[in-house]
Amino acid sequence: MKTITLNVDTGKITKDNTATTCSFVGQAAKTHNKDFTITANVGEIIIWEGVSSTSPENDTVHIRRIKYEDGTKIFKSDKFKGVRKVSGEVIFNTKDKPDYKYKISFTVFNDGVKRNGLFKIDPKIQVPQ
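Residues numbered from 1 in each chain as written. Predicted model: local features only at pLDDT ≥ 70, side-chain atom pairs only at ≥ 80, totals over all residues. Heavy atoms only, no water.

Residue-level account of the environment of Val-51, with values.
Summarising the element assignment, Val-51 is placed in strand β4 (residues 45–52). Between the C-alpha atom of Val-51 and that of Pro-98, which follows or precedes it by 47 residues, the distance is 29 Å. Those residues in contact with Val-51 that lie beyond four places of it in its chain are Thr-5, Leu-6, Asn-7, Val-8 and Val-61. (Helix = DSSP H or I, 4+ residues; strand = E, 2+ residues; numbered from the N terminus. Contact = heavy atoms within 4.5 Å.)

Below, the structure is given as structure tokens:
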């Protein structure tokens, strides 16, 4: 099992600054979100979760959907839906093929109140085996 954790500055995020108010656990400082790539293995379950980087006791990040965008398909489905977390099992590899490019759609709640909009971010997954 592999967990991909999206950190969100829940107090500042807007649709115009998503790229600068979000990052992934393990992401290098100068790596843009669209270039952030994790490595997974066939048979591995991936869980996507979101957390507030500024007010974890009052704010929440709900991962709503994972949707295939481009590259090599690695999951059985092109889209996964969830309420707070989303998970999927890797069934294909990307060996000698383009990485799996996808979009994470998520919502943010400040003190239980939904912040405007559905936010999106677009990382990659590489499955070398």
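Go over unusual backbone geometry with me, naming the residues and quoting the values.
The phi dihedral of Asp-96 is positive, around 60°, even though this residue is not glycine. A relative accessible area of 76% means that Asp-96 is categorised as exposed. The residue Asp-111 is not glycine, and still its phi comes out positive at about 50°. Relative to the helices and strands, Asp-111 is located in the loop between β8 (100–110) and β9 (113–114). Accessibility expressed as a relative area gives 59% for Asp-111, which makes it exposed. (Buried < 20%, exposed > 50% of the residue type's maximum accessible area, 1.4 Å probe, protein only.)

Describe the nonpolar core, and please don't skip the residues or the numbers.
By size, the foremost hydrophobic cluster in this structure holds 29 residues, and its most contacted members are Ile-46, Trp-48, Ile-66, Phe-75, Ile-104, Phe-106 and Ile-125. Mapped by element, the contributors of at least two residues to this core are β1 (2–8), β2 (22–24), β4, β5 (59–70), β8 and β10 (119–121). Sort the elements by how many residues they give to this core and β8 lands first, with five residues. The contacts of Ile-46, once residues within four sequence positions are left out, are Lys-2, Ile-4, Ile-38, Ala-40, Phe-75, Val-86, Ser-87, Gly-88, Val-90 and Ile-125. (Core = buried A, V, L, I, M, F, W, Y, C linked by side-chain atoms within 4.5 Å.)

Go over the packing of aromatic side chains with me, naming the residues and quoting the values.
Evaluation of the coordinates by the stated rule reveals nine aromatic pairs. Members of the aromatic cluster, connected to one another through ring pairs, are Trp-48, Tyr-68, Phe-75, Phe-80, Tyr-100 and Tyr-102. The ring of Tyr-68 has Lys-73 sitting right over it, with the charged end atom 5.2 Å from the ring centre. (Phe/Tyr/Trp six-rings, centres within 6.5 Å; stacked < 30°, edge-to-face > 60°. Lys NZ or Arg CZ within 6 Å of the ring centre and 35° of its normal.)

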